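# Examining the three-dimensional arrangement
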Amino acid sequence: LPGLYVYLTNNPNTTTNALEIGDVKVFSGEHTYAIPNTGINDFNYLLYFCKPFNVKVGDAEISN
């Protein structure tokens, strides 16, 4: 999927007010991102979003 990006957000239906983490470089298995100055409790969802087509690809709720 071209232009796939990952975000942290409190609304899994939009990138508005979301924190863009970066483009997805690993498409299978585990991957990690360093996110400075951000706490895990600051956001409720991880969002995968295709920027070129402006389409949500998937989301996951963050739970402790």
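Definitions and limits used
- Per chain, residues are indexed from 1 in the order of the written sequence.
- Per-residue local features are limited, in this predicted model, to residues with pLDDT of at least 70; the limit for side-chain atom pairs, both in listing and counting, is 80 or more; totals at the level of whole chains, interfaces and linings are taken over all residues.
- Note that the side-chain values use all heavy atoms of the structure and ignore hydrogens as well as water.
- Numbering goes from the N terminus for both helices and strands, where a helix is a DSSP run of H or I of at least four residues and a strand is a run of E of at least two.
- Only the C-alpha atoms count toward the radius of gyration. The rule for a globule is 2.2 Å times the residue count to the power 0.38.
- Only protein chains enter the accessibility calculation, which uses a 1.4 Å probe; a residue is then buried when its area is under 20% of its type maximum, exposed when over 50%, and partly exposed in between.
- Should any heavy atoms of two residues lie within 4.5 Å, those residues are counted as being in contact.
- In this description, accessible areas are obtained by the Shrake-Rupley approach with a 1.4 Å probe, and a residue is regarded as covered only by the protein chains that are shown.
- By this definition, two strands are paired if DSSP reports at least two bridges between them.
- Whenever Lys or Arg places a side-chain nitrogen within 4 Å of a carboxyl oxygen from Asp or Glu, that contact is recorded as a salt bridge.

## Points about the overall build of the protein chain
Across its full length, the protein chain carries zero helices and four strands. A compact globule built from 64 residues should have a C-alpha radius of gyration of about 11 Å, and the protein chain, at 11 Å, falls within 12% of that. Structurally, the protein chain occupies a C-alpha span of about 30 × 25 × 20 Å along its principal axes. Burial status across the protein chain gives 22% buried among its 64 residues. Long-range contacts, defined here as pairs at least 24 residues apart, represent 51% of the contacts in the protein chain between residues at least 6 apart. A total accessible area of about 4,500 Å² is found for the protein chain, and carbon and sulfur atoms account for 49% of it.

## Notes on the pairing of strand 4 (residues 55-61)
Bridge count between strand 3 (residues 45-50) and strand 4: six bridges; the pairing is antiparallel. Note on strand 4: the bridge partner recorded for Phe49 is Lys56. The turn linking strand 3 back onto strand 4 is made up of four residues, and Asn54 within it adopts a positive phi angle of 55°.

## Overview of the pattern of salt bridges
With the rule as written, the count across this model stands at three salt bridges. A salt bridge links Asp23 to Lys25, with the shortest nitrogen-to-oxygen separation between them at 3.1 Å. On the accessibility criterion, Asp23 (31% relative accessible area) is partly exposed. The class for Lys25 is exposed, based on a relative accessible area of 64%. The salt bridge involving Asp59 is made with Lys56; its shortest N-O contact spans 2.5 Å. Residue Asp59 is classed as partly exposed on the basis of its relative accessible area, which comes to 36%.

Honestly, it's all geometry; don't read function into it.
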